[in-house]
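Descriptive structure summary
Take a look at the letters that make up each chain.
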Amino acid sequence: MFGSTKKLGLSKSRRTGPSELTELQVWITSPDSECDDYPSVTSDESYELSVDLPFAVLKAPKVWGALHGLETFSQLLYEDEYGAKSVNATTISDFPRFAHRGILLDSSRHFLPIKVILANLETMAMNKFNVFHWHIVDDQSFPYLSRTFPQLSQQGAYHPYTHVYTPADVKMVIEFARLRGIRVIPEFDTPGHTQSWGKGQKDLLTPCYSGSKPSGTFGPINPILNTTYDFMNQFFKEISTVFPDAYVHLGGDEVDFTCWRSNPDIQQFMEQHRFQTRLQLLDIVTTTNKGYMIWQEVFDNGVKLKPDTLIHVWKGNQEQYQNEMANVTSSGYQTLLSTPWYLNRISYGQDWHGYYKADPQDFKGTEEQKKLVIGGEACLWGEYVDATNLTPRLWPRASAVAERLWSAKDVTDINDAFNRLSMHRCRMVERGIPAEPLFSSYCPREYKGI
Amino acid sequence: MNIMFAVSSGRYTRANFILPLLIIIQLGLHTVEGVWPLPQAFTSSTERYPLNPQAFYFGYGKQSAAQQGCSVLDTAFKRYFSLIFPDYSSGSTGLETFSQMVYQDDFGSYFVNKTEIEDFPRFQFRGILLDTSRHYLPVQAILKTLDAMAYSKFNVFHWHIVDDPSFPYQSSTFPDLSSKGAFHPMTHIYTQSDVRRVISYARLQGIRVLPEFDSPGHTKSWGKGQSDLLTPCYRGSTPSGTFGPVNPVLPSTYQFMEKLFKEVSSVFPDSYIHLGGDEVNFSCWKSNPDVRAFMQKMGFGADFTKLEAFYIENIVNITSALNKTSIVWQDVFDYHEKIPEDTVLHIWKGLPEVYQTELSRITKAGKRVLLAAPWYINHISYGQDWRNYYTVQPQNFSGTEEQKKLVIGGEVCMWGEYVDATNLNPRLWPRASAAAERLWSDEKQTSSVDSAFPRLQDFRCKLVRRGIQAEPLYVGHCKHEYQGV
């Protein structure tokens, strides 16, 4: 990934003296280049690169592979001490091991200005990540400016003008990402994690009760009112037109049942409808024709799911998440792994080692099951993160995840990885990205932005 | 610097306060609560004065001993004008406090409330350590750190300038030290002009620059440009090819050190110098037959701590003769070295029980101490670790009042193994500011972490507004977010 690709070997040298490489020709080899399309989970991202004379050739079935090939080509170049650039004759044949290689950013716990989102999309492309999982709203703030329900951000954002994403902002992110082969999957997490939604949408959240009287606080989305479903239908209708990706993430994590239990209307509803368990209330209704991604709780709680639902594993220690991966795939669902890659959990030292070692297919299961693992995501939750520290916290630690998701399973030599990752990190710094250091060392060009 | 106003001193407790607090908020409680570190004594009011950026100015009082032409204050006036009126940027600690009290309303107008402040620091020595050997830090990054230090009233920049990995200090007496020992001889060095720049920039902000040339350990990079300085390690009876600490048995060592420290003493004007002395690995010395022979000759037997003591004593004599007072890491005291009475010991090891014992021991021997152990903020962890830095009690150890007075201050250390210009600022700020208040303010008035939280959050937003990339404490927002990458 960052230097190691599936090489077929160095090619023959046909020249006698130093000759310049003046051209890299790009050939899109399939009839439909997909140039004007959005990338998807089934996009062909493979490419072949041949650095040779009289010209170098980059062949790819689709533009997505060409993008990756260009990045790889740029990484083959090196400079001598006078600044003259060279490249060695090389042949590369490359494709990703997993189709879904994502980064989660959280713009609710702290507002993230557009600039830092775009800079990180650029860095994702350098690392061959292809999914931006935008955890755009949550309890603390609602920065998404909805055209159907503008009061959601009016009342729910940290500030209705300075801390929102306008439709233009969102379009910019989506197109910026597309041009780099990155899908934008928004997450509108419900029914929990929705405190900020209630500010602009009265009656959306469940009023909690203290005994027989409302306590004044609110809990998850109120699942028994028709108005809730009217709102959700309209809201997700807008979302599915604004965000072109085939998938949307519905969240579904960490729903606290105590507020629901305390509310007499909900208790009564459940008696009337003779629900055996409250879990059936977690029926998420949408009228979109999108595929769904959901956090693992929804599966764990036995909710009825569409067969193409993508289940996002995030909880537990290694043994627990490996069991979860086994369970989810043995039930026939596709799955994504994030548990070992919570990059917001910082610690002293070279923690990238742990990220590099984790493997999403490391669990007891059949080949069929392992095929259902379509990839993983590095998560940078925002409780302690905003634009002041996001980029150094994310990079180069996320690069370790990038290689795990792209390169072959047996690429595991940590010492070799250290050497290549150090160079890759200096390259990001040279390109203006404040990727933090791995250990005592230096880059020929240190970071200039202070 | 006294600013005269009157008000009720506010100490801010939680519950029972909602109604009056709501009223105060409506009136705009922008008082001394927004100031960090907490002044020793203050009274604030809700009486509000507008400030007109076109009309406001800093002036010298007729009775003031300093007048126009005093470089420190002239430049400070300019600096603080821009800080106070950020929309008007063109380009000393009472000024700092005043600047923190100025606020803008939603329309951008500037105000300050009637306030009275009398302030002075609890400890005289309030330092930040930066390590420019594990990673080179561009001069700009150092200057930015000095700005942020001034905002938190830090007053000593402890420059751990060289160490094992690299030697970026370009010495005029021994140019090979950096040309062979720096990461790169042209791009990763501090020229004499760079060093002068740092020192003068610091001076204008009231910050001392304390250089550390750590020896005899932590000196691998020195050996690249100064052959025969380091001890050759032996495997059996032949040299193994590797090198250890500075060689304490050769006279050439001390001749070199004398010349180097003569230069360092004239380049760095502060009257203190840090000599290091930590983490000396004895195995290489033990392996070397010449060193063993020397030990016999000196009657040290097999006790290498005596050899280390011998070395350090010689170095301290050199710097004393140059009229500098030495600061050394605690290891030096632990090895019973004979050091001058006025040497300051720098405590860096251990958990509270351990460093409190060390504080007792060293102050009992009548020596002054600096505390760094609880403030190794390079040790990052998930969550609000600023609270740990805030709740340190530097004088909490068993000892007499006399002993407690020997704690002259403390230092926040940002060792550089995992830190360079890409992540230095968010990692330093605002966590170091928690320690800043502990070193400046009165301990009784700043005993509540919960009270400190909203003030530090507010102060953090101020730092961001001033262009310091200070990271968030917890969820929330600033009116003006950081717009960079």
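Quick notes on the rules
Residues numbered from 1 in each chain as written. Chains lettered and ligands numbered in written order. Predicted model: local features only at pLDDT ≥ 70, side-chain atom pairs only at ≥ 80, totals over all residues. Heavy atoms only, no water. Helix = DSSP H or I, 4+ residues; strand = E, 2+ residues; numbered from the N terminus. Buried < 20%, exposed > 50% of the residue type's maximum accessible area, 1.4 Å probe, protein only. Contact = heavy atoms within 4.5 Å. Areas by Shrake-Rupley, 256 points an atom, 1.4 Å probe, with all protein chains shown as cover. Lys, Arg positive; Asp, Glu negative; His and termini not counted. Charge placed at Lys NZ, Arg CZ, Asp CG, Glu CD. Pairing = 2+ DSSP bridges. Axes fitted to C-alpha atoms, helices over the stretch in contact; angles between N-to-C directions. Buried area = accessible area lost by both parts, 1.4 Å probe. Salt bridge = Lys/Arg side-chain N within 4 Å of Asp/Glu carboxyl O. Patch = residues over 30% accessible without salt bridge, like charges linked within 9 Å, V, L, I, M, F, W, Y side chains within 5 Å. Disulfide = S-S within 2.5 Å. pLDDT = per-residue confidence, 0-100. UniProt positions renumbered as here; feature names shortened; annotations may be inferred. Polar contact = N/O pair within 3.5 Å; in protein donor to acceptor, adjacent residues only side chain to side chain.

A few points about the overall build of chain A
Regarding its fold elements, chain A presents 15 helices and 16 strands. Seen through its principal axes, chain A has C-alpha atoms that stretch 90 × 50 × 50 Å. By residue count, 56% of the 450 residues in chain A fall in the buried class. Sequence-distant contacts, at least 24 apart, represent 73% of the contacts inside chain A between residues at least 6 apart. Just so you have it, chain A exposes about 19200 Å², and 52% of that area is on carbon and sulfur atoms. One way to put it: in chain A the 44 positive side-chain charges average out to a point 1 Å from where the 53 negative ones average out.

Structural notes on the sheet that holds strand S1 (residues 24–28) of chain A
Residues and elements named next belong to chain A. A sheet is described by the order of its strands in space; here 4 strands give the open sequence S1-S3-S2-S6, paired in mixed fashion. Looking at the sheet topology across the chains shown, the edges are occupied by S1 and strand S6 (90–94). Ignoring strand direction, the axes of neighbouring strands in this sheet form an average angle of 10°. Pairing geometry for strand S2 (residues 47–51) and S6, over 5 bridges, is antiparallel.

A word on the interface of chain B and chain A
Each partner contributes to the interface: chain B provides 46 residues, whereas chain A provides 42 residues. Between chain B and chain A, a total of about 3900 Å² is buried, with carbon and sulfur atoms accounting for 60% of that surface. Of all residues in chain B, Tyr382(B), Tyr418(B) and Val485(B) bury the most surface against chain A, accounting for 22% of the area lost on that side. Inspection of the region where chain B meets chain A yields 4 salt bridges.

Let's talk about a nonpolar patch on the surface
Taken together, Val26(A), Ile28(A) and Leu70(A) make up a surface patch of nonpolar side chains, about 210 Å² in accessible area. Mapped onto the elements, Ile28(A) comes out in strand S1.

Structural notes on the sheet that holds strand S5 (residues 156–160) of chain B
What links the strands of a sheet is backbone hydrogen bonding, and the strands pair in either a parallel or an antiparallel sense. Read around the closed barrel, the 8 strands follow the order S4-S5-S6-S9-S10-S11-S12-S13 (chain B); overall the barrel is parallel. Strand after strand, the sheet turns through a mean of 30° between neighbouring axes, direction not considered.

Observations concerning the state of the cysteines
Residues and elements named next belong to chain B. For the structure shown, the criterion picks out 4 disulfides over all chains. The disulfide bridge from Cys233 ends at Cys284, spanning 2.1 Å between sulfur atoms. Judged by the sign of its S-S torsion, about -110°, the bond between Cys233 and Cys284 is left-handed. With a gap of 51 residues between them, Cys233 in strand S7 (residues 230–235) and Cys284 in helix H9 (residues 283–287) connect regions that are remote in the sequence. The class of Cys233 is buried, set by a relative accessible area of 10%. With a relative accessible area of 8%, Cys284 lands in the buried category. Across the disulfide, Cys461 is cross-linked to Cys478 (sulfur-sulfur distance 2.0 Å).

Quick notes on the confidence of the model for chain A
Residues and elements named next belong to chain A. Taken residue by residue, chain A gives an average pLDDT of 91. The fraction at 70 or more is 92%. Overall, residues 4–12 carries pLDDT values under 50, and its contacts beyond four positions in sequence, including any with other chains, amount to 25 contacts. Every residue in residues 276–285 is under pLDDT 50, and counting partners more than four places away or in other chains gives 22 contacts.

A word on the UniProt feature "active site" (unreviewed entry) in chain B
All names here are of chain B. UniProt records the feature "active site" (unreviewed entry) at Glu279, using the numbering of this structure. Take Glu279: it is sitting in the loop between strand S9 (272–276) and H9. Residue classification places Glu279 among the partly exposed residues on the basis of a relative accessible area of 47%. Once residues within four sequence positions are removed from consideration, Glu279 is found in contact with His218, Asp331 and Trp348. One polar contact links Glu279 to His218, side chain to side chain, over a distance of 2.8 Å.

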